[in-house]
Amino acid sequence: QVRLVESGGGSVQPGGSLTLSCAGSERAITGYSMAWFRQAPGKEREFVASITWDGARTDFSNSVSGRFAISRDNAKSALWLQMSSLRPEDTAVYYCAASALYPMSTPRLVAAWGQGTQVTVSS
């Protein structure tokens, strides 16, 4: 089984940048498509970005397109979300996810979740 652990969350001012990391353990993430979701207080969990198992294709939600980037290194069993030009509305708990299916734009397609890491964007 694959176990996912996120890190890199924190507080940042509007316009700032953060990079989130997700590490796979117990089972490597190689062969899985990967994604990032986020959930703000009182809101539904929403899709942010995804990447195919080989990194050949990426997809983003309209709200983050042009500001966020997703990347992976299967040899290191690692996934990253690079966030720039952050806005207060980006504040949420961010989760990494794994699936055998692609695209993975809805939570029902997720096979494994990380525990989440908090990102807070405020002055």
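Note that this is a predicted model, so its numbers are computed, not measured. (Residues numbered from 1 in each chain as written. Predicted model: local features only at pLDDT ≥ 70, side-chain atom pairs only at ≥ 80, totals over all residues. Heavy atoms only, no water.)

**Regarding the state of the cysteines**
- Inspection of the entire model under this criterion finds one disulfide.
- Through a disulfide, C22 is tied to C96; the S-S separation comes to 2.1 Å. Handedness of the C22-C96 disulfide follows from its S-S torsion of about 50°: it is right-handed. Of the two residues, C22 is situated in strand β3 (residues 18-25) and C96 in strand β9 (residues 92-99); the sequence distance between them amounts to 74 residues. The burial state of C22 is the same as that of C96; both residues are buried. (Disulfide = S-S within 2.5 Å. Helix = DSSP H or I, 4+ residues; strand = E, 2+ residues; numbered from the N terminus. Buried < 20%, exposed > 50% of the residue type's maximum accessible area, 1.4 Å probe, protein only.)

**Thoughts on the packing of aromatic side chains**
- Tallied over the full model, the rule gives three aromatic pairs.
- For the ring pair F37 and F47, a centre distance of 5.8 Å and an interplane angle of 75° mean the geometry is edge-to-face. Within this pair, whereas F37 is found in strand β4 (residues 33-39), its partner F47 is found in strand β5 (residues 46-51), the two being separated by ten residues in sequence. One exposure class covers both F37 and F47, and it is buried.
- Centre to centre, the rings of F37 and W113 are 5.1 Å apart; their planes meet at 65°, and the pair counts as edge-to-face. A residue pair is termed long-range when its members are at least 10 positions apart, and F37 in strand β4 and W113 in strand β10 (residues 112-113) qualify at 76 residues.
- An aromatic cluster is present here, built from F37, F47, Y95 and W113 joined pairwise through their rings.
- Sitting over the face of the ring of Y95, R45 holds its NZ or CZ atom 3.8 Å from the ring centroid. (Phe/Tyr/Trp six-rings, centres within 6.5 Å; stacked < 30°, edge-to-face > 60°. Lys NZ or Arg CZ within 6 Å of the ring centre and 35° of its normal.)

**A word on the side chain of S99**
- In this fold, S99 is placed in strand β9.
- Looking at S99, the relative accessible area reads 1%, which means it is buried.
- Polar side-chain contacts of S99 include one of 2.7 Å to the backbone oxygen of L109. (Polar contact = N/O pair within 3.5 Å; in protein donor to acceptor, adjacent residues only side chain to side chain.)

**Section: the sheet that holds strand β7 (residues 68-73)**
- Ordered in space as β1-β3-β8-β7, the four strands form an open sheet in which the pairing is antiparallel. Both edges of this open sheet fall to β1 (3-7) and β7, since each of them pairs with a single strand only. For this sheet, the mean inter-axis angle between neighbouring strands, taken without regard to orientation, is 15°.
- Note: β3 against strand β8 (residues 78-83), six bridges, orientation antiparallel. Within the sheet, the bridge partner assigned to T19 lies in β8 and is Q82. (Pairing = 2+ DSSP bridges. Axes fitted to C-alpha atoms, helices over the stretch in contact; angles between N-to-C directions.)

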